[in-house]
Amino acid sequence: MATEVQTKSSGNIAPPLDARNSWQALRAHYPQVQKLYLRALFAGDPHRGERMSVEGAGLFLDYSKNRITEETVKLLLELAEESQLRQRIDAMFSGEKINITENRAVLHVALRAPRGASILVDGVNVVPEVHAVLDRMTDFSNRVRSGAWKGHTGKRIRNVINIGIGGSDLGPVMAYEALRHYSERNMNFRYVSNVDGTDFAEAVHDLDPAETLFIVSSKTFTTLETMTNAHSAREWLLAGIGGDEAAVARHFVAVSTNAGEVKKFGIDTENMFGFWDWVGGRYSMDSAIGLSTMIAVGPDNFREMLDGFHEMDEHFRTTPFERNLPVLMGLLSIWYNDFFGAQTVAVLPYDQYLKRFPAYLQQLTMESNGKSVTLAGTKVDYATGPIYWGEPGTNGQHSFYQLIHQGTRLIPCDFIGFCQSLNPLGRHHDMLMANVFAQTEALAFGKTAEQVKAEGTPDWLVPHRVFEGNRPSNTILAERLTPAVLGKLVALYEHSVFTQGAIWQINSFDQWGVELGKALAQRIIPELENKNEPALTHDSSTNNLIRRYRQKKGER
Ligand code: G6Q
C-alpha cells in the first residue's frame with residue numbers, strides 16, 4: 001500500500017510526523033515556550049517587532065506578537081524542510097498529480113501564469129489554453145459592459161446573476177464584494193447559491209428579465225443546487241419574456257468543464273467558458289469561474305488581480321522559507337494547532353470590502369485541510385485543519401472579541417489592514433487602523449492586576465478587569481485594497497493551507513467528506529415528494545422527522 005501511494009503521489013513522502021526529528025524537538029521545546037509571556041519576550045528584545053516582520057510580494061507580515069522564540073522559528077523551519085515542503089511545492093508547480101485520490105494535478109497557479117510561461121500536464125503546456133479562455137472572457141465581458149451584447153428583446157444587460165455554489169460561488173462573491181470599488185456601478189451583480197428558493201426569489205424580485213444575464217457556474221454542471229436554481233432561472237426568464245425559448249441563448253452563459261450537460265440545458269456551447277480538472281472548485285476564482293468578477297471590474301482589473309496572485313505564487317515558490325510569508329503563516333498555524341491545542345483561527349479584516357473574505361477562507365482552509373487520513377491512507381494521530389472564522393473589524397470588537405480577550409480558549413488571530421482607504425472620509429481610516437493596532441496590543445500585553453488597581457478599581461472588581469494578554473496574533477498590512485493586493489492575499493492563504501497540508505501529509509485537494517450527505521439527500525428527496533406514504537427505512541430519528549415534515553408541509 002505504502003509503495004503504491006509513493007508511486008501515485010509521484011514524489012517522496014516524508015517520514016510520519018511523529019518520526020520527524022524536528023517534530024520531536026518541537027515537542028520538547030513547547031513546554032518552555034508555553035510558560036513565556038509576550039510581555040517578557042518584548043521586554044527582553046527591544047527590536048523583536050522589527051526582527052519578526054517580513055515583507056513579500058508587497059504584503060507586510062508582523063508575526064512578532066506570537067508565542068514563539070528564535071528557537072521555535074528555527075525548529076518550525078526545520079520541520080518544513082524535513083516534511084519535504086520544498087519538494088511538495090516543486091511537485092505542485094510542475095504539474096505532478098499530487099491530488100492522488102482523484103489522480104489530478106493541482107494547478108491553480110497555472111491560471112495566473114503569464115502568457116509566455118510553460119506548465120506541462122501530461123506533456124501538454126496548459127498556459128496557452130488558460131490565456132485563450134481569458135481572451136474569450138475578456139471579449140465577452142467587454143461586450144456585456146459596453147452594451148454590445150443585447151438581451152433577447154434588444155435591451156442591454158444591466159443585471160448579472162452568477163448561479164453556482166461552493167467553489168463556484170464563494171470566490172466570485174467574495175471578489176465582487178472586495179473589488180466593488182472598481183466595479184461597474186451601472187450594473188447589478190448578484191449571486192445565487194442556496195437551493196432554498198428564497199435565495200433565487202430575493203435575487204430577482206426587482207429585476208427585469210429582459211435585462212438579466214445568468215452565468216451558470218458549475219464545474220460538473222450536475223450539482224443539485226446549481227441546476228435547480230438554473231432551471232428556475234430559465235422558467236423565470238421565459239415567463240417574463242413571452243416564452244420564446246430562443247431567449248435562453250441571449251440570457252444564459254455557462255462556466256463548466258462539462259460541454260455535454262451545458263448543451264442539454266440549452267446553452268449554446270459557443271457561450272460556454274471552460275476550465276480543467278486540475279482546477280479545484282475552491283481554487284477556481286481566477287479561472288472562468290471568475291467571469292462575473294471580470295464583468296464587474298473589467299478585464300484590466302481582473303488581469304491585475306491575476307498578476308497579484310502570480311506575484312505571491314512566485315514569492316512562495318522562490319523565497320527561502322525564513323522569509324516566505326505563506327510558509328511562516330502555515331508553520332505558525334501548525335504551532336498553535338498541534339502544540340497549544342488551539343482549535344480555531346480568527347481572520348479579522350479591517351476593511352468592509354473584505355466582509356466575505358472569512359467565509360471564503362472557511363472553504364479554502366477547512367475543505368482543504370479537514371482531513372483525518374494521511375496520503376498513505378493511515379489515520380492521523382494529531383490535529384489537522386483548524387476552524388477558520390471571522391468578521392470584519394471593528395464590528396467583531398463589539399461582539400465576539402470578548403471571548404478572545406478574556407475567555408478560556410486560545411484563539412490565534414490574523415489582523416488584516418490597509419494603510420490607505422479607498423473611501424477616505426474624515427478621520428475614519430485613522431480610527432479604523434488605530435483599532436487594529438490597539439487590539440493586537442491589548443491581546444498580546446493585556447492589563448495586569450497591578451495596572452487595574454492603580455486605576456483605582458475596587459479590589460472585588462479587579463479580577464474581572466484583568467486582561468491576561470499573551471493572546472497571539474499576526475498583522476498583515478498592505479498599502480491599499482487593489483485587485484492585485486486581493487490576489488496576493490488569497491494566494492497567501494492558499495499557500496499557507498498548502499504548507500500545513502504538506503506537514504500533516506494529507507491531501508488538501510480532495511473533498512470526499514461532502515459526498516455522503518449529498519447521496520443521502522438524493523434518497524430522501526423522493527420520500528418527501530411522494531404523494532403516497534413511503535416506506536421509510538432510516539433510523540427512528542430520521543424517519544420521525546421525515547414523517548413530521550410530510551404531515552406539516554401541506555398545512556397552511
Ligand atoms: C470545492 C468543492 C465544491 C464545489 C461545489 C460546486 O473545492 O469541489 O465546493 O466547488 O460543490 O461544484 P460544481 O462547480 O461542480 O457545481
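Position numbers for residues start from 1 in each chain and track the written sequence from start to end. For a predicted model such as this one, the threshold for reporting local features is a pLDDT of at least 70, and the threshold for listing and counting side-chain atom pairs is 80 or more; totals across whole chains, interfaces and linings nevertheless cover every residue. To obtain the side-chain values, all non-hydrogen atoms of the structure were included, while hydrogens and water were left out.

Draft legend 1. Geometry of the pattern of salt bridges. The term salt bridge refers to a side-chain nitrogen of Lys or Arg lying within 4 Å of a carboxyl oxygen of Asp or Glu. As enumerated under the stated definition, the model contains 27 salt bridges in all. Between E177 and R180 there is a salt bridge whose closest N-O contact spans 3.0 Å. Each of R112, D286, D313 and E494 takes part in salt bridges that share partners, so that together they form one network.

Draft legend 2. Seen up close, the environment of H29. Relative to the elements of secondary structure, H29 occurs in helix 2 (residues 21-34). Remark: exposure states derive from per-residue accessible area (1.4 Å probe, protein chains only) relative to the maximum for the residue type, with buried under 20%, exposed over 50%, and partly exposed in between. Classification of H29 as buried rests on a relative accessible area of 6%. Residues H29 and M272, 243 residues apart in the sequence, show an inter-C-alpha distance of 55 Å. Leave out the neighbours within four places in its chain, and H29 touches T69, E71, T72, L75 and W335. Each helix is a run of H or I in the DSSP string that is no shorter than four residues. Each strand is a run of E no shorter than two, and both are numbered from the N terminus. In this description, contact between two residues means that some pair of their heavy atoms is separated by no more than 4.5 Å.

Draft legend 3. Representation of the layout of surface pockets in the model. A cavity here means a set of 1 Å grid points, computed over protein atoms only, where a 1.4 Å probe fits but cannot escape. A pocket is an open set with protein on both sides within 12 Å along at least 5 of 7 lines, and lining residues have an atom within 4 Å of a point. Grid points are joined across faces, edges and corners, and a volume is the space filled by probe spheres set on the points. The volume enclosed by the largest pocket comes to roughly 1000 Å³. Taken together, 42 residues form the lining of the largest pocket, with T220, T223, Q511, V514 and K518 sitting closest to its centre. Where the lining of the largest pocket is concerned, the elements lending two or more residues are helix 10 (224-241), helix 16 (357-369) and helix 22 (515-529). Counting residues per element, the lining of the largest pocket draws most heavily on helix 22, at five residues. Any residue that is not Ala, Val, Leu, Ile, Met, Phe, Trp, Tyr, Cys, Pro, Asp, Glu, Lys or Arg is counted as polar, Gly included; the first ten are nonpolar and the last four charged. Within the lining of the largest pocket, the residues separate by chemical class into 16 nonpolar, 17 polar and nine charged.

Draft legend 4. Looking closely at the site of the ligand. The nearness test applies per residue and asks whether one of its heavy atoms lies within 4 Å of the molecule or strand. Neighbouring the ligand are 13 residues, the closest being S168, S218, T220, T223 and Q363. Whenever a nitrogen or oxygen atom comes within 3.5 Å of another N or O atom, the pair is scored as a polar contact, on the condition that within protein one atom can donate a hydrogen and the other can accept it, and that pairs from neighbouring residues in sequence are kept only if both atoms are in side chains. Here an oxygen atom of the ligand and a backbone polar atom of K219 are 2.7 Å apart. The contact in question runs from an oxygen atom of the ligand to an N or O atom on the backbone of G281, over 3.5 Å. For every accessible area listed, the method is Shrake-Rupley and the probe measures 1.4 Å; residues are considered covered only by the protein chains on display. When the ligand sits alone it has 410 Å² of accessible area, and the protein chains cover 87% of it. Cavities and pockets are treated as containing a molecule whenever more than half of the molecule's atoms lie within 2 Å of their grid points. Of the pockets mapped on this structure, the ligand occupies the largest pocket. Here the shell around the ligand is composed, by residue class, of one nonpolar, nine polar and three charged.

Draft legend 5. Expanded view of empty space enclosed by the protein. Scanning all chains against the criterion turns up five cavities of 30 Å³ or more. Within this model, the largest cavity holds a volume of roughly 140 Å³. R88, L375, G501, A502 and I506 are the residues nearest the centre of the largest cavity, which is lined by 16 residues in total. Looking at the lining of the largest cavity residue by residue, the classes come out as eight nonpolar, seven polar and one charged. Looking at the second largest cavity, it is lined by 14 residues, and the ones nearest its centre are M329, S333, V345, D414 and N474. Classifying every residue of the lining of the second largest cavity by side-chain character gives eight nonpolar, five polar and one charged.

Draft legend 6. Representation of the nonpolar core in the model. In these notes, a set of buried Ala, Val, Leu, Ile, Met, Phe, Trp, Tyr and Cys residues joined through side-chain atoms within 4.5 Å is what counts as a nonpolar core. Judged by nonpolar contacts, the single largest core of 123 residues is most densely connected at W278, I295, W335, F357, L486, L489 and Y493. Among the elements that take part in this core, helix 21 (residues 483-504) stands out by supplying twelve residues, more than any other. One finds V192, L207, V216 and M272 within the second-largest nonpolar core, a separate group that totals 26 residues.

Draft legend 7. Broad picture of the confidence of the model for the chain. Confidence of the predictor at the level of single residues is given by pLDDT, which spans 0 to 100. Predicted confidence across the chain gives a mean pLDDT of 96, with 98% of residues reaching 70 or more. Across residues 1-10 the pLDDT falls below 50, and counting only partners more than four positions away or on other chains, this stretch makes 13 contacts in the model.

Draft legend 8. Region of the structure containing the sheet that holds strand 2 (residues 59-62). Paired strands, as defined in this entry, are two strands with at least two bridges between them according to DSSP. With mixed pairing, the six strands of this open sheet are ordered in space as 1-2-13-12-10-11. Strand pairing shows two members of the sheet lacking a second neighbour, strand 1 (53-56) and strand 11 (387-389), which therefore form its edges. Neighbour-to-neighbour, the strand axes of the sheet open up by a mean angle of 20°, direction not taken into account. Inspection of the sheet shows strand 10 (residues 344-349) paired to strand 11 by three bridges, in the parallel sense. Here, axes are lines fitted to C-alpha atoms. For helices the fit covers the stretch in contact, and angles between N-to-C directions go from 0 to 180 degrees.

Draft legend 9. View of the packing of helix 7 (residues 127-146) against helix 14 (residues 299-318). Axis separation between helix 7 and helix 14 bottoms out at 10 Å; the angle between their running directions is 145°. Judged by residue contacts, H131, L134, D135, M137, T138, S141, N142 and R145 of helix 7 engage P299, F302, R303 and L306 from helix 14. Looking at the contact of helix 7 with helix 14 residue by residue, the classes come out as five nonpolar, four polar and three charged.

Draft legend 10. Representation of the packing of aromatic side chains within the structure. We call Phe, Tyr and Trp rings a pair once their centres come within 6.5 Å, taking the six-membered ring for Trp, and we label the pair stacked below 30 degrees between planes, edge-to-face above 60, and tilted otherwise. Under the counting rule described, the total for this entry stands at 27 aromatic pairs. Centroid distance F140 to W149: 4.9 Å. Interplanar angle 75°. Geometry classified as edge-to-face. Across the pair, W149 and F140 agree in class, each one buried. Residues Y350 and F415 carry aromatic rings whose centres are separated by 5.9 Å and whose planes lie at 35° to one another, so their mutual orientation is tilted. Taken together, the residues Y350 in the loop between strand 10 and helix 16 and F415 in strand 12 (residues 413-418) connect sequence positions 65 residues apart. Exposure remark for Y350: the relative accessible area of 0% places this residue in the buried category. Taken together, W23, Y30, W335, Y336, F339, F340 and Y382 form an aromatic cluster joined through their ring pairs. Here R48 stacks its cationic end above the ring of F42, 5.3 Å away from the centre of that ring. Throughout this description, the term charge over a ring refers to an Arg CZ or Lys NZ atom that lies within 6 Å of the ring centre and within 35 degrees of the ring normal. Taking NZ or CZ as reference, R250 lies 4.0 Å from the ring centre of W149, over its face.

Draft legend 11. Spotlight on the pairing of strand 2. In terms of strand pairing, strand 1 meets strand 2 through four bridges, oriented antiparallel. Within strand 2, the position partnered with G56 by the bridge is L59. Pairing of strand 2 with strand 13 (residues 473-478), which is carried by three bridges, proceeds in the antiparallel orientation. From the neighbouring strand, F60 faces strand 13, where its bridge partner is L477.

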